[in-house]
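Structure at a glance
Listed below are the residues making up each chain.
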Amino acid sequence: EVMAQAKLGEARSLLDAGEAAEAHPIFQGLADSTGLPTTIDRAARAGLGEALAQMGELRDALDIWRELLAEPGSRHDRIQLELLVANGLLQGGRRKEASTAFRSLADSDNAEARVQGLLGLAEVARASAERERAKSFYRQVADLGIDPVWTVRALAELTDLAAEDSDTEAVLKLTREL
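Residues numbered from 1 in each chain as written. Predicted model: local features only at pLDDT ≥ 70, side-chain atom pairs only at ≥ 80, totals over all residues. Heavy atoms only, no water.

Turning our attention to the overall build of the protein chain. When you go through the protein chain residue by residue, the secondary structure sums to 10 helices and 0 strands. Mapped from its N terminus to its C terminus, the protein chain presents α and β elements in the order α-α-α-α-α-α-α-α-α-α. Put simply, the protein chain has 178 residues, and 41% of those count as buried. Put simply, 41% of the contacts in the protein chain that link residues at least 6 apart link residues at least 24 apart. Surface accessibility of the protein chain: about 9,600 Å² in total, with carbon and sulfur atoms responsible for 51%. Positive and negative side-chain charges of the protein chain, numbering 21 and 31 respectively, have mean locations separated by a distance of 5 Å. (Helix = DSSP H or I, 4+ residues; strand = E, 2+ residues; numbered from the N terminus. Buried < 20%, exposed > 50% of the residue type's maximum accessible area, 1.4 Å probe, protein only. Contact = heavy atoms within 4.5 Å. Areas by Shrake-Rupley, 256 points an atom, 1.4 Å probe, with all protein chains shown as cover. Lys, Arg positive; Asp, Glu negative; His and termini not counted. Charge placed at Lys NZ, Arg CZ, Asp CG, Glu CD.)

This is the structure in structure tokens:
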């Protein structure tokens, strides 16, 4: 179990460094192993999905994440998996499905899931060239004030949009809010 956790940590570090091709065989080996604790098995399969997504194999990644969602898991795990699915759909250009997945998160009673969902909806709106809609979602996140990190991110995105619009007054106002 300790070796499996060490391998999981190594694969996660590689994945976080953008080295998906190096992380993939480690995650695959763990996912193929038998007798691992459920938490390590689930983390290995979720990581395998992330590696595949980074390598451009979105369909396989989505299949893995959906399979994990069909199994019993903690609420936190479910939220993380739903977020991976939603981001994978967006990355794959499936904006309508991504929007539905992010809306589900945005409607959650979990504060972090709600913020992540709203940020995802803003990204879908941006990808669809719906700038005003994106601004509305970012503003909702900023106004929620759930976590300073998310508030700053939302305000920074609003500032970027205002700068792209050459709206100097809005940029100054938002910079003051930051």
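Attention now goes to the environment of R66. With respect to the element layout, R66 can be found in helix α4 (residues 58–70). Setting aside anything within four residues of it in sequence, one finds R66 in contact with V85, L89, R94 and E97.

Time to look at α4. For α4, which comprises 13 residues, the first-to-last C-alpha distance of 18 Å matches the rise-based estimate of 18 Å (1.5 Å per residue) to within 8%. Along α4, the positions that sit buried rather than exposed are L58, A61, L62, I64, W65, L68 and L69. Around the axis of α4, the buried residues are gathered within 160° of arc, so they sit on the same side. Turned more than 90 degrees from where α4 packs its buried face, R59 and A70 sit exposed. Contact partners of the buried residues in α4: α3 (38–54) and α5 (75–91). (Expected span 1.5 Å × (residues − 1). Arc of directions from axis to C-beta.)

This part takes up the side chain of T151. Tracing the backbone shows T151 in helix α9 (residues 148–164). Among all residues touching T151, those that are not within four sequence positions of it are V141, A142 and G145.

In the contact formed by helix α6 (residues 95–106) and helix α7 (residues 111–127), the axes pass within 7 Å of each other and the chain directions differ by 155°. Classified by the interaxial angle, the pair formed by α6 and α7 is roughly antiparallel. Once α6 is placed against α7, the crossing between them reads as left-handed. Residues R95, A98, S99, F102, R103, L105 and A106 of α6 pack against A113, R114, Q116, G117, L118, G120, L121, V124 and A127 of α7. Looking at the contact of α6 with α7 residue by residue, the class counts come to 9 nonpolar, 4 polar and 3 charged. (Axes fitted to C-alpha atoms, helices over the stretch in contact; angles between N-to-C directions. Parallel < 35°, antiparallel > 145°, perpendicular 65-115°, else oblique. Left-handed = near helix turned anticlockwise from the far one by under 90°. Nonpolar A, V, L, I, M, F, W, Y, C, P; charged D, E, K, R; others polar.)

This part covers the pattern of salt bridges. This structure, assessed with the given rule, holds 21 salt bridges. Here R75 and D109 are joined by a salt bridge, their closest N and O atoms 2.4 Å apart. Of this pair, R75 sits in helix α5 while D109 sits in the loop between α6 and α7, placing them 34 residues apart in sequence. A relative accessible area of 47% means that R75 is categorised as partly exposed. Between R133 and E130 there is a salt bridge, and its shortest N-O distance comes to 3.6 Å. The exposure class assigned to E130 is partly exposed, which follows from its relative accessible area of 34%. In the salt-bridge network here, residues are joined through shared partners; they are E123, R126, R131, E132, K135, R153, E157, E164 and D165. (Salt bridge = Lys/Arg side-chain N within 4 Å of Asp/Glu carboxyl O.)

In this section: unusual backbone geometry. Of note, A129 is a non-glycine position whose phi angle comes to about 60°, a positive value. Note on placement: A129 falls in the loop between α7 and α8 (131–144). According to the relative accessible area criterion, A129 is exposed, its value standing at 64%. With phi around 55°, S166 is a residue other than glycine that occupies positive phi space.

Below, the discussion takes up the environment of A125. As for its position among the elements, A125 is in helix α7. C-alpha of A125 to C-alpha of S74: the two residues are 51 residues apart in sequence and 30 Å apart in space. Excluding residues within four positions of it along the chain, A125 makes contact with E130, R133 and A134.

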